[in-house]
Amino acid sequence: MKSSGKDCFLDWYALSNRESTTENLKILNQHIMKTLFTVALASALSLSSLVASASEDLKALSTVNSNYKKINVTLTEGLGKAKISILDADGKSLSSRNVRVKDENLMVPYDLKNLPSGEYQVKIATDQEEVTYTVETSEKPATASEFPLMASGKVVDNNTVNLTVIGLDEPGVDVEVYSTESGEVIYKDHIAQADGFKKDYSFSKMTTKDIYMKVIDAQGRSKTLHF
């Protein structure tokens with residue numbers, strides 16, 4: 001049976017309407033997905049901004065300084081409860097303690113003298129925020145006062161000794177000559193010479209066996225010389 005022109009038109013209209021509805025649904029779904037993606041992205045950015053802002057706030061309320069192998073952590077008043085952790089370069093926890101900062105700044109010192117020099121991390125965390133600092137520790141160079149005074153005496157003859165002092169950082173050496181028998185000071189001398197010096201000391205009425213010397217430099221180091 002042949003279809004009439006009207007029937008053909010109705011079939012075409014129904015098909016066209018279905019195609020139009022499908023296309024509209026597709027466009028609507030695209031709009032919905034795009035809107036959901038935009039909302040999700042905005043939420044993620046907002047959360048990220050809040051986290052970054054929180055970290056910046058905590059960083060503004062905390063300070064970490066290192067001096068050779070000593071670390072000082074300073075927290076600003078009103079910070080409240082916080083946890084301070086010392087970690088090695090690999091993130092392994094070496095020390096951890098809880099503190100409470102009330103009406104005044106709090107400084108927490110750490111001494112890492114028993115640990116090797118190198119890079120360490122200081123993590124400060126509250127219930128809402130967390131910040132990590134990286135610090136470098138090093139050995140403190142030895143000063144002259146940590147070394148013994150380099151002074152020596154040499155017998156020149158029966159009544160004369162030669163005193164040699166080297167390695168001075170500051171000028172100013174006191175020389176005290178004592179009687180071996182009585183232990184009393186029988187002669188004093190002050191040498192205001194930098195770096196070092198050599199000087200002979202002679203005693204007409206005493207032999208070198210009757211005396212001993214005490215040498216004291218400007219840094220308080222001393223050495224006693226017997227002949």
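A.B. asks: Quick rundown of the packing of aromatic side chains? Include the residues and the values.
C.D. replies: How two aromatic rings sit relative to each other is given by the distance of their centres and the angle of their planes. Overall, the coordinates contain two aromatic pairs when judged by the stated rule. Each ring, one from Y178 and one from Y212, has its centre 5.1 Å from the other, and the planes form 5 degrees; the classification is stacked. A residue pair is termed long-range when its members are at least 10 positions apart, and Y178 in strand 10 (residues 173-179) and Y212 in strand 13 (residues 211-217) qualify at 34 residues. In this structure Y178 comes out as buried when scored by relative accessible area, which is 14%. The buried category is assigned to Y212, whose relative accessible area is 18%. The interplanar angle of 65 degrees and the centroid separation of 6.1 Å between the aromatic rings of Y187 and Y201 together place this pair among those described as edge-to-face. Taken together, the positions of Y187 in strand 11 (residues 185-191) and Y201 in strand 12 (residues 197-202) put the pair 14 residues apart, joining distant regions of the chain. The exposure class of Y187 is partly exposed, given its relative accessible area of 35%.

A.B. asks: Outline the pattern of salt bridges, supporting the account with residue identities and numerical values.
C.D. replies: A side chain with one charge may pair with a side chain of the opposite charge, provided their charged atoms come close. As enumerated under the stated definition, the model contains three salt bridges in all. Residue K199 is joined to D189 by a salt bridge in which the shortest nitrogen-to-oxygen separation is 2.7 Å. Placement of K199 in strand 12 and of D189 in strand 11 is noted, with a sequence separation of 10 residues between them. According to the relative accessible area criterion, K199 is partly exposed, its value standing at 31%. Classification of D189 by relative accessible area gives buried; the value is 14%. Where D217 meets R221, a salt bridge forms, and the shortest distance between an N and an O atom there is 2.8 Å. The same class applies to D217 and to R221, which are both buried.

Reading the values: rules and limits
Residues numbered from 1 in each chain as written. Predicted model: local features only at pLDDT ≥ 70, side-chain atom pairs only at ≥ 80, totals over all residues. Heavy atoms only, no water. Phe/Tyr/Trp six-rings, centres within 6.5 Å; stacked < 30°, edge-to-face > 60°. Helix = DSSP H or I, 4+ residues; strand = E, 2+ residues; numbered from the N terminus. Buried < 20%, exposed > 50% of the residue type's maximum accessible area, 1.4 Å probe, protein only. Salt bridge = Lys/Arg side-chain N within 4 Å of Asp/Glu carboxyl O.

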